[in-house]
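Examination of the molecular architecture
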Amino acid sequence: MATRPLETELKIPVRDLEAIRAALHEAQAIAVQSMAREVNLLLDSEDRRVTAGGFVLRLREHGDRKLLTFKGPATFDGAIKQRPEYETEIGDLPRMLTILEHLGFKVFLRYEKDREEWLLGRVSILLDHTPMGDFVEVEGPTEDLERTVRVLGIEVGEPVRGSYISLWQEHREAHPELELPADMVFPE
């Protein structure tokens, strides 16, 4: 039986992406993708069975890459999040969206971030600039995550458990005076 793909990550809010970049250069990490806008479309059925089950169905465009992703429910080991993840590149995002819409799925939320990707050993380091602040995601084998975070000069006690969507909702609730949209998008 094939091993199911498992996403294992830490997500950490940071104040200074430049300091993280400097640490990545010092550690001789490999730059994989320069900073580029990433647009994510979350889909669900009318009865919200995908979200209710703890699943994620997402279309993503990042630079030249277009991806369809399915994620299973998350579990946590401390701040380390793990969840099954199946992802495939697609050639035509609008056509894939049309196919999914014909199957009864609709976009219920859109979120954007500017993302840059690095590789250090077996670990991917993602530098994310979002409308609510900056984050670093560290993805890879569980045994390598905390060591990588320390190499980057980040306190391991700082990771957050929430998804960008739940964090955005908390941010909106904490700042009603900003009248932020439901979608996590940059102002035009």
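Our structure's up above, just so we're on the same page.
The sections below set out a description of the structure shown in this document. Source: prediction; values computed, not measured.

So, about the overall build of the protein. Counting secondary structure elements, the protein contains 5 helices and 9 strands. In the protein, the order of α-helices and β-strands from amino to carboxyl end is β-α-β-α-β-β-β-β-α-β-β-β-α-α. Taken over C-alpha atoms, the radius of gyration comes to 17 Å for the protein, in line with the 16 Å a tight globule of 188 residues would show. Burial status across the protein gives 44% buried among its 188 residues. In the protein, the proportion of contacts linking residues at least 24 apart, taken out of those at least 6 apart, comes to 61%. Taken as a whole, the protein presents about 10400 Å² of accessible surface, with 52% of it coming from carbon and sulfur. Here the protein contributes 24 positive and 36 negative side-chain charges, whose respective centroids are spaced 4 Å apart.

Turning our attention to the nonpolar core. Counting residues in each nonpolar core, the largest one holds 20 residues, and the members touching the most others are Leu24, Ile125, Leu127, Val136, Leu152 and Ile154. Going through the elements one at a time, strand 1 (6-14), helix 1 (17-26), strand 7 (105-120), strand 8 (123-130), strand 9 (133-139) and helix 4 (142-151) are the ones with two or more residues in this core. Among the elements that make up this core, the one with the highest residue count is helix 1 (4 residues). Beyond its immediate chain neighbours, meaning those up to four positions away, Leu152 contacts Ile20, Ala23, Leu24, Ile125, Val136 and Val138. Counting 12 residues, the second-largest nonpolar core is a separate cluster that includes Leu59, Leu68, Leu97 and Leu100.

Over the atoms, a rolled probe matching the size of one water molecule traces out where space is still vacant. As a volume, the largest pocket reaches approximately 970 Å³. What lines the largest pocket is a set of 42 residues, and nearest its centre among them are Glu7, Arg58, Arg60, Lys71 and Glu85.

With 13 bridges joining them, strand 2 (residues 30-45) and strand 7 adopt antiparallel strand pairing. The residue bridging Gln33 from the neighbouring strand is Glu117, located in strand 7. Pairing geometry for strand 7 and strand 8, over 7 bridges, is antiparallel. Looking across to strand 8, one finds that Leu120 is bridged to Val123.

With that settled, consider the environment of Ala79. As for its placement among the helices and strands, Ala79 is situated in the loop between strand 5 (75-77) and strand 6 (80-89). In this structure, the C-alpha to C-alpha distance between Ala79 and Pro187, residues 108 residues apart in sequence, is 31 Å. Excluding residues that lie within four positions of it along the chain, Ala79 makes contacts with Glu9, Leu10 and Pro159.

Pairing between strand 2 and strand 3 (residues 56-62): 6 bridges, direction antiparallel. Within the sheet, the bridge partner assigned to Leu42 lies in strand 3 and is Arg58.

The final tally for this structure, using the stated rule, is 2 aromatic pairs. Ring geometry for Phe135 versus Tyr164: centroids 5.3 Å apart, planes at 85°, classification edge-to-face. Of the two residues, Phe135 is situated in strand 9 and Tyr164 in helix 5 (residues 164-174); the sequence distance between them amounts to 29 residues. Residue Tyr164 is classed as buried on the basis of its relative accessible area, which comes to 3%. Geometry around Tyr164 places Lys11 over its ring, the cationic atom sitting 3.9 Å from the centre. The ring of Phe76 has Arg161 sitting right over it, with the charged end atom 4.2 Å from the ring centre.

Each value, and the rule that gives it
- Residues numbered from 1 in each chain as written.
- Predicted model: local features only at pLDDT ≥ 70, side-chain atom pairs only at ≥ 80, totals over all residues.
- Heavy atoms only, no water.
- Helix = DSSP H or I, 4+ residues; strand = E, 2+ residues; numbered from the N terminus.
- Rg over C-alpha atoms; globule rule 2.2 N^0.38 Å.
- Buried < 20%, exposed > 50% of the residue type's maximum accessible area, 1.4 Å probe, protein only.
- Contact = heavy atoms within 4.5 Å.
- Areas by Shrake-Rupley, 256 points an atom, 1.4 Å probe, with all protein chains shown as cover.
- Lys, Arg positive; Asp, Glu negative; His and termini not counted.
- Charge placed at Lys NZ, Arg CZ, Asp CG, Glu CD.
- Core = buried A, V, L, I, M, F, W, Y, C linked by side-chain atoms within 4.5 Å.
- 1 Å grid on protein atoms, 1.4 Å probe; cavity = no way out; pocket = protein on both sides within 12 Å on 5 of 7 lines; lining within 4 Å.
- Points joined across faces, edges and corners; volume = space filled by probe spheres on them.
- Pairing = 2+ DSSP bridges.
- Phe/Tyr/Trp six-rings, centres within 6.5 Å; stacked < 30°, edge-to-face > 60°.
- Lys NZ or Arg CZ within 6 Å of the ring centre and 35° of its normal.

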